Amino acid sequence: MAASLLLLFSCGKKDKVPSGWTDTIGVEALVINDGSTPTERNYVGDIESEQEATLSFALGGSLTMVAVKNGDRVTKGQLLAKVDATTAASLHATALATLGQAEDAYRRLEAVHREGGLSEVKWVEMETNLEKARQAEVSARKHLEDCTLRAPFSGVVICGSRVVGQEMKPGETFCRVLDMKRLRVDFSVPEQEISQIKVGDVADATVPALGNAPLKLCITDKSFAANPLGHTYKVHASIVSGENKNLLPDMVAKVHITLSAMGGIVVPADCIQTMPEGTVVWVVKNGKAEHRPITVGDFIRNGVVVKEGLLAGDTVVTAGQQKLYTGAKVRVNHKP
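Residues numbered from 1 in each chain as written. Predicted model: local features only at pLDDT ≥ 70, side-chain atom pairs only at ≥ 80, totals over all residues. Heavy atoms only, no water.

> Explain the overall build of the protein residue by residue, including any values.
Secondary structure assignment for the protein yields three helices and 24 strands. Looking at the 336 residues of the protein, the share that counts as buried comes to 36%. By sequence separation, contacts in the protein at least 24 residues apart represent 74% of the contacts at least 6 residues apart. Surface exposure of the protein reaches about 19,000 Å², of which carbon and sulfur atoms provide 53%. (Helix = DSSP H or I, 4+ residues; strand = E, 2+ residues; numbered from the N terminus. Buried < 20%, exposed > 50% of the residue type's maximum accessible area, 1.4 Å probe, protein only. Contact = heavy atoms within 4.5 Å. Areas by Shrake-Rupley, 256 points an atom, 1.4 Å probe, with all protein chains shown as cover.)

> Any chance you could break down the pattern of salt bridges for me, citing the residues and the numbers?
Summed over the entire model, instances satisfying the criterion amount to 13 salt bridges. Note that Arg108 and Asp104 form a salt bridge whose closest N and O atoms lie 2.8 Å from each other. On the criterion of helical spacing, the pair formed by Arg108 and Asp104 is a turn pair, its members being four residues apart in helix α2 (residues 86–114). Looking at Asp104, the relative accessible area reads 28%, which means it is partly exposed. The salt bridge involving Arg184 is made with Asp186; its shortest N-O contact spans 2.9 Å. A relative accessible area of 22% means that Arg184 is categorised as partly exposed. (Salt bridge = Lys/Arg side-chain N within 4 Å of Asp/Glu carboxyl O.)

> I'd like to hear about the sheet that holds strand β4 (residues 52–56), residue by residue, with values.
The four strands are arranged β4-β11-β9-β6 in an open sheet whose pairing can be described as antiparallel. Each edge of the sheet is formed by a strand with only one pairing partner; in this case those strands are β4 and β6 (73–74). Here strand β9 (residues 155–158) pairs with strand β11 (residues 173–178) via three bridges, running antiparallel. By the bridge assignment, Val157 is partnered in β11 with Val177. (Pairing = 2+ DSSP bridges.)

> Mind laying out the environment of Cys159, listing which residues take part and the relevant values?
As for its placement among the helices and strands, Cys159 is situated in the loop between β9 and β10 (167–168). Separated by 88 residues in sequence, Cys159 and Gly71 place their C-alpha atoms 7.9 Å apart. Sequence-distant contacts of Cys159, defined by excluding residues within four places in its chain, comprise Lys69, Asn70, Phe174 and Cys175.

> Can you break down the environment of Val266 residue by residue, with the values?
Here Val266 is to be found in strand β17 (residues 265–267). On the basis of relative accessibility, which here comes to 12%, the residue Val266 falls in the buried class. With 37 residues separating them along the chain, Val266 and Gly303 place their C-alpha atoms 5.9 Å apart.

By themselves, these observations are geometric and do not establish any function.
Given below as structure tokens:
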């Protein structure tokens, strides 16, 4: 891409004045102000929730109750669904009975142990059996509780079609719960631009699905691991202000962010040439033309970043450089 933007130019060992050319050559030029020219970037992102929970039944089973549908708003602790708990309830009842038996035996033999009528080995065995019964009851109770799903926090339910009688496999996702009060925009940034984006930077976004509703964003996090296919890095931006009421997860957001130039001065791409000594621009010094070797950086929306070779105050030729030769007298029409 860079090669297509640079104008090819060659010369001999010594510049000569072309015959028939006038002594003074008219050119257009601009004066470099400084190296802090802002650049603009546009990205496409998605609306996401900062807090999301994926819910499933640990042991699976047949659905006996479905209390929500896709898009429902729920509150923390609200009942969402149940699976058949017959087996889990039976196991818990058995565990409770075993625990009660162990506790009764413990109480009966405690007095005997205090009076020395029970060996220490038998007493330790009794304590062990009681603890085993307690842990078995805890495990059985947890399995029984796992037959019921409740919302871990307030939000919106995202799920497919779920009906009573449907069989859920262990660990199969029943639904997702998203906190709609804490939304953010996620977007991907190419590897050559990620260093320009800092946590705390601000950005603007629009949501086409909501009539280009505007959002104000603040960069909160950026990934340190690149996508191996696209060589991009994920950036997270919280929504500082904007209309959240109608925003939904996975809506597209167009992100616009203004960044400082990448450590250099920005010049128009068409004023850069390639000569035997490398990449150059023509500059005007003391009324005469000379070519200046430069080091270029990224190609951006409003030109090319020059990392080395130019300083604030330099006059760079932007049009008419094809007629120039080293030492040529020039008449400059400065560009605004």
